[in-house]
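Take a look at the letters that make up each chain.
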Amino acid sequence: MLVAISVAGWFLLRPVFFDKVVDEDFPMSFNAVLPAGMTQQEAEDEMAEAAKTDKPVNEEMPEPMASPTAPVKVKTGSFTDADRFHKGSGSATIYRGPDGSHLLRFEDFKVTNGPALKVILSPHPNARNSAEVHLEGYVHLGDLKGNIGNQNYVLPSDLDISTIGSVVIYCEPFSVVFSVAPLRDAG
């Protein structure tokens, strides 16, 4: 019994003592005009595979291509502390790409680490508890990649961005908000 309690305690408390740092670049394919029928993830995968190729190329440069439309900031906000123990900072921005897809990006992000942290989009403009986080229409984006650093999350293609009020870093085992970024329309 003591071993089981110790293992469970280590699982739940370990993240408090160790940070996970990520530093993702803004996705290059998000700036690109994608071929018809190709998703952003497929373009990223193809570009990653092409980057592994180490063959000399002796081809003429093609005619200049039309410059892609830059991503547009749709909504933005800053992470705030949930309470005196659960702290967060940095920015959350939703971008619309040239193909109409959306990307959530965290920059200069830092949050108190914890077990099983999730990224959730809530309709509530400043979700501070489980009921506000889980209002009808909330979107669970999955695991937080790291508690420190720049990171990207591709948003579902059928998501109505106008319904999103905040980005929430949420601890599922304890139903606790660690940090929230209330979103406002970017101008």
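Nothing here was measured: the structure is a model prediction, and the numbers come from that model.

Examining the layout of surface pockets
Rolled over the atoms, a probe sized like a water molecule indicates the empty space that remains. When its volume is computed, the second largest pocket comes out at roughly 180 Å³. Across the lining of the second largest pocket, the residue classes tally to three nonpolar, seven polar and one charged.

Some points on the sheet that holds strand E8 (residues 166–171)
Whether parallel or antiparallel, the strands of a sheet pair through hydrogen bonds between backbone atoms. Pairing is antiparallel across the open sheet formed by five strands, whose spatial order is E2-E9-E8-E5-E6. Lying at the two open borders of the sheet, with one neighbouring strand each, are strand E2 (80–81) and strand E6 (139–143). Where E8 and strand E9 (residues 176–182) come together, six bridges link them in antiparallel fashion. Bridged to Ile-169 within E9 is Ser-179.

Focus on the nonpolar core
The biggest cluster of nonpolar side chains holds 25 residues, and the ones touching the most others in it are Leu-104, Phe-106, Val-119, Leu-121, Leu-144, Val-167 and Ile-169. Sorting elements by how many residues they give to this core places strand E4 (residues 102–111) first, with four residues. Aside from chain neighbours lying at most four places away, what touches Leu-121 is Leu-104, Tyr-138, Val-139, Leu-141, Leu-155, Leu-159, Ile-164, Ser-166 and Val-167. Within the second largest apolar cluster, seven residues are counted, among which are Ala-127, Tyr-170, Val-177 and Val-180.

Quick notes on the sheet that holds strand E7 (residues 151–154)
Taken together, five strands build an open sheet; the order of strands is E7-E4-E3-E1-E10 and the sheet is antiparallel. Edge positions in the sheet fall to E7 and strand E10 (184–185), since each of these pairs with one other strand and no more. Summarising the sheet, strand E1 (residues 72–78) and E10 pair through two bridges and their orientation is antiparallel. Counterpart to Lys-75 in the pairing with E10 is Asp-185.

So, the environment of Gly-165
When you line up the elements, Gly-165 lands in the loop between E7 and E8. A sequence separation of 38 residues divides Gly-165 from Ala-127, and the C-alpha atoms of the two residues are 8.4 Å apart. Apart from the residues lying within four places of it in its own chain, the contact partners of Gly-165 are Ser-122, Pro-123, His-124, Pro-125, Ala-181, Pro-182 and Leu-183.

As for the pairing of strand E3 (residues 88–96)
Across six bridges, E1 lies against E3 in antiparallel orientation. Across the sheet, the residue bridging to Thr-76 is Thr-93, located in E3. Pairing of E3 with E4, which is carried by eight bridges, proceeds in the antiparallel orientation. By the bridge assignment, Ser-89 is partnered in E4 with Lys-110.

About the thresholds
Residues numbered from 1 in each chain as written. Predicted model: local features only at pLDDT ≥ 70, side-chain atom pairs only at ≥ 80, totals over all residues. Heavy atoms only, no water. 1 Å grid on protein atoms, 1.4 Å probe; cavity = no way out; pocket = protein on both sides within 12 Å on 5 of 7 lines; lining within 4 Å. Points joined across faces, edges and corners; volume = space filled by probe spheres on them. Nonpolar A, V, L, I, M, F, W, Y, C, P; charged D, E, K, R; others polar. Pairing = 2+ DSSP bridges. Helix = DSSP H or I, 4+ residues; strand = E, 2+ residues; numbered from the N terminus. Core = buried A, V, L, I, M, F, W, Y, C linked by side-chain atoms within 4.5 Å. Buried < 20%, exposed > 50% of the residue type's maximum accessible area, 1.4 Å probe, protein only. Contact = heavy atoms within 4.5 Å.

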